[in-house]
Each structure stands twice: as C-alpha cells, then as structure tokens.
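Architecture and fold: a report
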Amino acid sequence: MEIVYNGELDPRLCKAVLGEEIPAILEEDPNVVYLDADLMACIGTGKYAKNNPARAIDCGIAEANMVGVACGLASAGFKPIVHTFGPFASRRCFDQVFLSAGYAKNDITVIGTDPGVTATMNGGTHMPFEDMALYRTIPTATVIDVTDPNCLKSVLRQCVDRPGVKYIRVGRKQYAKVYADGSDLPIGKAVTLREGSDIVLFASGIMVHEAMKAAETLAQEGIQAAVVDCFTVKPLDAEAVESWARKTGAAVVCENHSRHGGLYSAVLEVLAEKCPVPAACVAVEDEFGEVGPQGYLQERFGLTAEHVVSQAKAVLARKG
Amino acid sequence: MEEREVRELKAFAVQIRMAAIEAIHSIGSGHIGGALSIADVLAVLYGREMDIDPADPRKPDRDKLVCSKGHAGPAVYGTLALKGYFPYEELKTLNHPGTRLPSHCDRNKTPGVDMTTGSLGQGTSLACGMAMGDKLRGYKSRTFLIVGDGESDEGQVWEACSFAAAKGLDNLVLLLDWNKKQLDGWADDVYPMGDYVAKFESFGFDTVLVNGNDVSALAAALERTREGKGKPFAIVMDTVKGFGVQEVADTVMNHSLPVSDEQYERWTAQLKAELAELEG
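The following refers to the structure shown.

Reading the values: the criteria
Residues numbered from 1 in each chain as written. Chains lettered and ligands numbered in written order. Predicted model: local features only at pLDDT ≥ 70, side-chain atom pairs only at ≥ 80, totals over all residues. Heavy atoms only, no water. Helix = DSSP H or I, 4+ residues; strand = E, 2+ residues; numbered from the N terminus. Rg over C-alpha atoms; globule rule 2.2 N^0.38 Å. Contact = heavy atoms within 4.5 Å. Areas by Shrake-Rupley, 256 points an atom, 1.4 Å probe, with all protein chains shown as cover. Lys, Arg positive; Asp, Glu negative; His and termini not counted. Charge placed at Lys NZ, Arg CZ, Asp CG, Glu CD. Buried area = accessible area lost by both parts, 1.4 Å probe. Salt bridge = Lys/Arg side-chain N within 4 Å of Asp/Glu carboxyl O. Polar contact = N/O pair within 3.5 Å; in protein donor to acceptor, adjacent residues only side chain to side chain. Nonpolar A, V, L, I, M, F, W, Y, C, P; charged D, E, K, R; others polar. Pairing = 2+ DSSP bridges. Axes fitted to C-alpha atoms, helices over the stretch in contact; angles between N-to-C directions. Buried < 20%, exposed > 50% of the residue type's maximum accessible area, 1.4 Å probe, protein only. Parallel < 35°, antiparallel > 145°, perpendicular 65-115°, else oblique.

1. Here we look at the overall build of chain A
Helix and strand content of chain A: 12 helices and 12 strands. For 320 residues, the compact-globule formula gives about 20 Å, and the C-alpha radius of gyration of chain A, at 19 Å, lands near that figure. Considering only residue pairs separated by 6 or more positions, chain A has 80% of its internal contacts joining residues 24 or more positions apart. Surface exposure of chain A reaches about 11,500 Å², of which carbon and sulfur atoms provide 53%. Distance between charge centres in chain A, computed from 30 positive and 40 negative side chains, equals 2 Å.

What follows is the structure, given as structure tokens:
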C-alpha cells in the first residue's frame, strides 16, 4: 500500500471501476454471482450481463427479493455481489439483509452506490445519510466507506471472500486519488495519511479529501493535524482510534453521513471507553437530503474542508 | 398410488401431528393451527417425494424445503425427528433455553432444516435463490416452498413469484397453505386476497388446486412437478387450519394456542387411535 495523495482527482470514475472489476471477478471465480436491481447500466455491467445472464442476474426493481435470492444462492455455496443505489441497498431491504443474510448466515456483499451527497441530482429520496448506521447494527457486518478507486478495488475483492454481511458504499464518480495503483488495504485497518501532534481527523469516503485539505490549512496556522482514513467503519480499527486520541488529545470525525450512527458514533464508542478526549464531527446534522450539485450539497450540509478547520479549532479550544 | 402407500402416508401425517403437539405441549403453547394444516403435505414430501438423506442433511444435490411460514416449525421438526434427523425426544426442547428447535425454522440450529425463516415473505425469495443455485450447479433437485395464505399478504411473496416465472425456475414448487385463517381471524375478513389459483396462473406458474389435507391428492399433484417445463409450479392446497384435531380446527382464533396437559393427553389418545386404525 502506498499513499500518493496530492490533492488531485483520480481520473477514473468509480462506476467504471465497478464495471471492470465485477465482470473480472465473475470470470475469475465461478462461485461468484452478481445481482442487480435494474441499475446495471449505471455501473457499466449491462453488456457483460447480457452475455452472461446465468451469473449476472438482473432482478428488476425488487430489492427485497433480490437480497433474498442472493441469500438463497449463498446457501448453495455461491458468493453473491448485490448492487443498487445506497438507499435501496440499505433502507429498502434492511429486514431482508438483517435476517435472510445476517441472521441466517447467508454471506453476501452489498454495494450501495451514491451514498450521501454523492446522490446529487437524484436528490433527497436517493440520498442515504443513514445507510452506515443501519448496517452497523447488523451483528458481525462489515461496513466500508470507499476512499478512492484503488481502495474500491482492494476492498471489493476482500469482501467477496469475507464471511458475513458486507456493505460497500461508494459514489459512482471521481474521488481524490489517495492510494497508488495495486494498493492492498486490509479491511479493519485504518490508514494514517498524515502525522500530526495537536489533533486527529478521522475521516472516511469523500471526507478524506476534505480532511487532508483541512490539515494543510491548519498546518499553515501552526496546528499539526493527523489524518486517519477509517474506510472500514465496522469493524473499526479501535487500536488506531485509541492510539491517535492518546497522541493528540483531540479529535474531529468527518463523514458524508448523518452524525447519528455512522463513523462519528463508531469513533465515540471507542473513545468513551478507551480514551475520552474532546471531539466533534463534520457530518450531516439531523436532516434529510436534497437535490443539487455535489459542491452545493457539501456546502449546504457542511461537508467541507473549511468546516473541518473550524470544528478542529473549536475542539482544540476545549482541549485545555 | 397403492392403498398401502396411501395408508402409510396418512399414518406419517398423524405421527407428524402427534410430534408437533408433543413439542408445543412441552413449552405450553405455540403455533398449532398452521402446524397441523401442513402435516399432510410434509408427510407426502418427506415420505415420498423428496430426494433426501437424513444421514447427510447438507448433501448439496438434495431436494430442499423452505417453510416460509416459519412459525410452523413444530410440524417441520416433528417430520425431521420422525425421519431420524435428530432424536424424537428432542422435540420436548421446543423453545426451551438453548434449544436447537426455535419457534421459527433456523437452518443453523436444526439438522435437516434447509433455510431460516420467520419474517414472513422472506422464504419465498430465498427459495428462488436456492432453486436458481441448483440450476447453476446442474443439479436435478427441486426446492419445495411452503407459503401461508396469511403470509401472502406480504409483497415480497409476489416479488418472488414474478422472479420465479421471469427466470423460468421450473425446479421450484410453491405450496400455498390456503387454510383461510390468519392471526387476527378469517383471512377474508382480515385481508381478502382473492383467487389464488388465478393469481399464480397470471404470474406464470403451472398451477393446480388440491385438497391439501388429502395425501393422495397431494401426491398426485407433486408427481406432476418431477419434470420441469420452463415454469415454476404452484399447488394451492385447500386446507383446514388445525386439521386433524377437531377441537383446534373448531377454534376460530387458532393461530397460536395453549395446550394443557389434559388436552395433550386427549388429543394424543385420539391420534393414537387413528394411527392404530391406519396401521391395523
């Protein structure tokens, strides 16, 4: 694994990565099956599915059934990858994922695309700020908030062979490039992207980029902020969280998700028991989503580097 | 089917009823009505139709059962115990702490249970996936799916039906337990669902209506499903909720009932007499 962050976007769209990786995995492993709910065209898998309908299964717009079918296939020893948009991959089929997959121990990988504000023009109905919160409540589930295309490639292959319910949330568009091509990012291990002694910024998903920008701004003002990529929201790397909290004594958690139940909650659960330090979040307040370009939505919900900077300063003031 | 085999299947159904009552009595109450209504189909499935091996419950190319009305667990457990999947005495652990026999079927707990069910509707999609998996593996096996009529209020049932037809799952046999009652009373009062035969036909199923408490009729209907012809099968089983124990059948609200020691003794004695006659 190599960190190559320089603030620039990775030229690849994540939907293109999914469109290449899912067929590649299907070709490599005859036990993998892929199910979609009429959104194959959104991630570029439609052409492959047309030629391989037996293992690339379009289930129509019926997510609850799709999850159940995937679980039935899992019981026969298959390794299903299920895709739909984030809200339908979480809220719409939650009981099916919880029981037919989790409780019944039918292991499946669910990809929810366009989490949080990355849903942009599809608007509030399609904008899950609560998907990680829901999935975190499923015992033994794995919850991933993708950092960049290379993170996506690495975690997708791990998830396919990992036991339990695995949920991967990823936007279909571009991310800032953080990891070098071919990077291996072990699930459950947070990655320190930047060292710092005054405060730690725990971030996931699109907020990694905002946290890195914020750390740069803070550095210019003499504040040394560490940045830790918590792409595995569950199981959270509790050791890394505790260790950075001890080193810095202050934390800001940055996520493209509600402040309730996601990465902020996960980090606070660790801090409360292991190392209580002043903390705050840059996350969506108790609100529903709305329509608009991503830049507007990030401003609207405070998911910006500027907000990270101001929250960091507010926390430092409480550090004493 | 020969008269001898009919008598054997009838006797097996009576034994399943006795076993289910044994289990429910051990904990004092349970889902007795819907357990009794499917005893006959379980007898035909496990006594005649299914290709299974109790010594190898997870044999990949076995026929599979999904009891999507998972609360009928006691009838399934009775059947499995009688087939030798686990000791008969274990039926008396139903719902007791640490049991392998929970109210609702659990594939990770009970030897011979092929799928976990309980949240109504979910078993239908699971069965579709299992049937599809068998096809992908090239197995000739069938998946039998027992669905409650009350359960079919759930939209997921109909999502699964459209899926099964769309994908040509002709190794899937849906068995609707049309016992006309649900928890709150008569199904036509609670939530009328209309004509099930017409519904399944319009969804693209090869559909028949049979007396679901008649082992001969069930055996004939199930025999038709041995060779798939591109469509999933639906067998609408006209049943009586509580069939086989008149006192239960006569109780309108018989979804879940307490079973007293006195009732247990009396009903078991009645069923034993019935069994003796069949085996006579």
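The structure having been displayed, the exposition proceeds.
2. Quick word on the interface of chain B and chain A
Listed as interface residues are 22 residues of chain B and, on the opposing side, 28 residues of chain A. Taking both sides of the interface into account, the surface hidden between chain B and chain A amounts to around 1,900 Å²; carbon and sulfur atoms contribute 55%. The largest contributions to the chain B side of the interface with chain A come from Q122(B), L136(B) and R137(B), which together make up 26% of the buried area. Our count for the chain B to chain A interface comes out at zero salt bridges. At the boundary of chain B and chain A, one finds 14 residue pairs in polar contact (both at pLDDT 80 or more). Element by element, the count of residues in the side of chain B that touches chain A is highest for helix α5 (residues 122-137) of chain B, at 10 residues. Considered class by class, the residues forming the side of chain B that touches chain A number eight nonpolar, eight polar and six charged.

3. Focus on the sheet that holds strand β7 (residues 206-211) of chain B
Residue and element names in this part refer to chain B. Spatially, the five strands line up as an open sheet ordered β2-β3-β4-β8-β7, and their pairing is parallel. Each edge of the sheet is formed by a strand with only one pairing partner; in this case those strands are β2 (64-67) and β7. Pairwise comparison of adjacent strand axes, ignoring direction, gives a mean angle of 20° for this sheet. By the bridge criterion, six bridges tie strand β4 (residues 172-178) to strand β8 (residues 233-238) in an arrangement that is parallel. When the bridges of β8 are listed, V173 appears paired with F233.

4. Here we look at unusual backbone geometry
Residues and elements named next belong to chain A. Omega for the bond connecting K234 with P235 falls within 30 degrees of zero, at -5°, which places this linkage in the cis form. Structurally, P235 can be placed in the loop between β10 (232-234) and α9 (238-248). A positive phi angle is found at K105, which is not glycine, with a value near 60°. In this fold, K105 is placed in the loop between α5 (94-103) and β4 (108-113). The class for K105 is exposed, based on a relative accessible area of 54%. Non-glycine residue D114 carries a positive phi angle of around 60°. Counting through the fold element by element, D114 comes out in the loop between β4 and α6 (131-136).

5. Some thoughts on the sheet that holds β4(A)
Residue and element names in this part refer to chain A. Spatial ordering of the open sheet is given by β2-β1-β3-β4-β6-β5-β10, a layout of seven strands whose pairing is mixed. Each of the sheet's edge strands pairs with one partner strand only, and the pair in question is β2 (56-58) and β10. Going from strand to strand, the sheet's axes swing by 20° on average, the running direction of each strand aside. Packing against the sheet, helix α1 (residues 14-28) makes contact with β1 (32-36), β2, β3 (79-85), β4 and β6 (165-170), and its axis sits at approximately 140° to β1.

6. Observations regarding the packing of helix α6 (residues 155-166) of chain B against helix α8 (residues 196-203) of chain B
Residues and elements named next belong to chain B. Interaxial distance between α6 and α8 falls to 9 Å at its minimum, and their mutual angle equals 45°. When the axes of α6 and α8 are compared, the pair comes out oblique. The segment α6 lies against α8, with W158, C161, S162 and A165 engaging Y196, K199, F200 and F203. Looking at the contact of α6 with α8, its residues break down into six nonpolar, one polar and one charged.

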